[in-house]
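Structure at a glance
Okay, here's what each chain looks like letter by letter:
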Amino acid sequence: MRVITLFCWTMAAKPGRQWRSMCKGLVLGTLLTSCTILLYCLSTPQIPFSHLEVPVPYSCAHRPFQLHPKKITNSSQQTTGQTCTPKVDIMFMKTHKTASSTLLNILFRFGEKHQLKFAFPNSRNDFFYPTLFQRSQVKDYRPGMCFNIICNHMRFNAPEVTKLLPVDTSYITILRDPAELFESSFHYFGRLVPFTWKIAGDDKLTEFLREPHYYFDPTGFNAFYLKNLLFFDFGQDNTLERDDPRVEEGIRVIADRFQLVMLVEYFEESLILLKDALCWEMDDVLFFKLNARKGSTVSKLTPELRARALEWNAVDWKLYQHFNHTFWKKVDAYGRRRMAEDVAELRRRNAEMTSICIDGGRAVEAGSIRETAMQPWQPIGEKSIMGYNLKKNVDKAHRKLCRKMLMPELQYLTELGVNLWITKLWGRVRDIINW
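Residues numbered from 1 in each chain as written. Predicted model: local features only at pLDDT ≥ 70, side-chain atom pairs only at ≥ 80, totals over all residues. Heavy atoms only, no water.

**Looking at the packing of aromatic side chains**
- For the coordinates displayed, the defined rule picks out 32 aromatic pairs.
- Centroid distance Phe 182 to Phe 208: 5.9 Å. Interplanar angle 25°. Geometry classified as stacked. Taken as a pair, Phe 182 in helix α5 (residues 178-189) and Phe 208 in helix α6 (residues 204-210) lie far apart in primary sequence, 26 residues in all. The two residues Phe 182 and Phe 208 agree in class, both being buried.
- Relative to Tyr 320, the ring of Trp 317 lies with its centre 6.0 Å away and its plane at 15°, an arrangement referred to as stacked. Here the residue Trp 317 and the residue Tyr 320 both occupy positions in helix α12 (residues 314-334), the gap between them amounting to 3 residues, near one helical turn.
- Following the ring pairs from residue to residue traces out a cluster consisting of Phe 182, Phe 186, Phe 195, Phe 208, Tyr 214, Tyr 215, Phe 216 and Trp 312. (Phe/Tyr/Trp six-rings, centres within 6.5 Å; stacked < 30°, edge-to-face > 60°. Helix = DSSP H or I, 4+ residues; strand = E, 2+ residues; numbered from the N terminus. Buried < 20%, exposed > 50% of the residue type's maximum accessible area, 1.4 Å probe, protein only.)

Below, the structure is given as structure tokens:
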């Protein structure tokens with residue numbers, strides 16, 4: 001608080017209402033945030049854990065009639081005579097800026113449809129990221145409880161996760177080209193990273209990539225958002241050099257844990273592999289793209305800037321290259337022709353749902369979204385995330401599905417019974433800061 005007061009005193013000499021509003025926002029924002037953290041610490045019970053605890057030995061799913069076994073098809077599209085049972089115990093590692101909100105919507109709908117039990121965070125929409133995940137962060141958790149799906153943002157911590165879910169849980173995640181991810185993260189989180197405030201000029205991204213070591217402070221507040229964010233999300237050290245042996249070890253640990261690592265750049269192919277790995281139906285992976293940015297806010301990386309971004313995020317690039325290789329091995333095993341036909345079918349079905357559900361058939365800017373319930377969460381200082389308007393007079397058979405498919409993450413979590421009081425309070429703080 002003393003730092004902010006000094007900042008405001010220094011800026012008071014500058015003319016205009018802008019500095020007064022900024023100072024007021026900083027002071028009020030700091031007070032509200034501090035009170036929020038204090039209230040949470042006082043309201044969170046300490047849960048005792050036994051050292052003898054083991055993973056949950058079996059699933060607690062209801063196994064309703066919709067989850068009947070289905071026949072397995074091979075890469076030549078021939079039925080093998082074997083069957084598989086749809087998987088309902090799922091750990092989705094939600095990485096940042098990787099279309100993971102769209103995947104979350106798929107999991108929410110599947111879980112609701114089959115009455116599965118979610119392990120949700122308590123009072124906010126993530127598991128107190130960037131701290132490492134702890135079971136005590138799960139809403140209403142007590143040792144021995146059984147959950148089917150965990151999918152909100154966390155910093156992965158395998159020992160804690162494995163004690164929460166059944167032993168045969170499917171672990172899945174998604175990655176994105178690190179250069180594009182860095183651009184997106186810089187846009188979305190840049191204002192929350194204090195060392196970016198000293199970057200001069202309008203094009204802060206370009207200026208930062210010209211000399212990142214000059215600006216970057218590895219110990220700075222929220223610094224992890226702007227260097228090897230993927231590796232950090234997996235609970236690893238994001239400040240390692242590319243050739244450090246701990247990087248290879250970290251990648252090996254991730255590869256051993258996750259059965260499927262999807263890629264944003266091949267999102268539809270990823271969903272087909274997901275459908276196959278989990279023994280799901282095509283209906284289960286239909287989607288609308290959520291949390292998309294409007295094109296005017298996306299910085300087009302030149303070849304030089306892309307190379308600099310990959311060099312700066314060299315560990316993430318190594319991680320991505322490894323799983324890009326394993327991804328295409330899975331596609332080959334699935335069958336390239338079969339994959340192309342299934343992707344075409346997924347696109348046809350999504351286009352059909354678009355014509356049924358979406359007014360105008362496309363995403364619109366935040367100011368054009370009619371329903372508050374359909375407004376997505378926005379980054380500080382602007383409204384760059386697009387959303388949708390639900391068509392009027394959608395037929396009864398599709399009305400509920402359309403609304404669920406278009407619903408932003410926070411609103412869907414609220415409908416599923418998550419109390420987001422900290423997230424909502426932070427939203428009000430952001431509104432004050434944006435005066």
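**Things to note about the nonpolar core**
- Counting 115 residues, the largest nonpolar core has Met 91 and Phe 208 as its most contacted members.
- In this structure Met 91 touches Ile 150, Met 154, Phe 156, Val 161, Leu 165, Thr 169, Ser 170, Tyr 171, Ile 172 and Phe 258, once residues within four positions along its chain are discounted. (Core = buried A, V, L, I, M, F, W, Y, C linked by side-chain atoms within 4.5 Å. Contact = heavy atoms within 4.5 Å.)

**Observations concerning helix α14 (residues 396-406)**
- Residues Cys 402, Lys 404, Met 405 and Leu 406 constitute the buried set of α14.
- In the core, the buried residues of α14 are packed alongside α3 (100-113), α13 (336-357) and α15 (409-415).

**Quick word on the sheet that holds strand β5 (residues 170-175)**
- The strand order β4-β3-β5-β6 describes an open sheet built from 4 strands, whose pairing is parallel. The open sheet is flanked by β4 (149-150) and β6 (260-263), the only strands paired with a single partner.
- Both strand β3 (residues 90-93) and β5 contribute to a ladder of 4 bridges, which runs parallel. Bridge pairing in β5 places Phe 92 opposite Ile 172.
- Packing of α12 onto the sheet brings it into contact with β5 and β6, and relative to β6 it is tilted by some 100°. (Pairing = 2+ DSSP bridges. Axes fitted to C-alpha atoms, helices over the stretch in contact; angles between N-to-C directions.)

**Focus: the state of the cysteines**
- Under the definition given, this model contains 2 disulfides.
- Through a disulfide, Cys 84 is tied to Cys 279; the S-S separation comes to 1.9 Å. Residues Cys 84 and Cys 279 are joined through a disulfide that is right-handed, its torsion about the S-S bond being 80°. A residue pair is termed long-range when its members are at least 10 positions apart, and Cys 84 in strand β2 (residues 79-84) and Cys 279 in the loop between α10 (267-278) and α11 (303-312) qualify at 195 residues. Of the two residues, Cys 84 and Cys 279, both sit in the buried class.
- Cys 357 shares a disulfide with Cys 402; S-S distance 2.0 Å. Disulfide Cys 357-Cys 402: the torsion about the S-S bond is -65°, which places it as left-handed. Here Cys 357 is found in helix α13, whereas its partner Cys 402 is found in helix α14, with 45 residues between them in sequence. (Disulfide = S-S within 2.5 Å.)

**Here's the deal with the pairing of β3**
- On β3, burial covers both faces: Ile 90 and Phe 92 on one face and Met 91 and Met 93 on the other are all buried.
- Tracing the backbone out of β3, into α3 and back to the parallel element β4 gives a crossover that is right-handed. (Right-handed = clockwise from strand over helix to strand, strands pointing away.)

**Regarding the environment of His 96**
- Inspection of the secondary structure puts His 96 in the loop between β3 and α3.
- Along the chain, His 96 and Met 154 lie 58 residues apart, while their C-alpha atoms are 9.7 Å from each other.
- The contact partners of His 96, leaving out residues within four places of it in the chain, are Tyr 129, His 153, Leu 181, Phe 189, Tyr 225, Leu 229 and Asp 233.
- A distance of 3.0 Å separates a polar atom in the side chain of His 96 from a polar atom in the side chain of Asp 233. (Polar contact = N/O pair within 3.5 Å; in protein donor to acceptor, adjacent residues only side chain to side chain.)

**Describing the pairing of β5**
- Within β5, 6 of the 6 residues are buried, leaving the element largely enclosed by the surrounding structure.
- Residues Ser 170, Ile 172 and Ile 174 line one face of β5 and the alternating positions Tyr 171, Thr 173 and Leu 175 line the opposite face, and both faces are buried.
- Here 4 bridges tie β5 to β6, and the two strands are oriented parallel to one another. Of the residues in β6, the one forming a bridge with Leu 175 is Leu 263.

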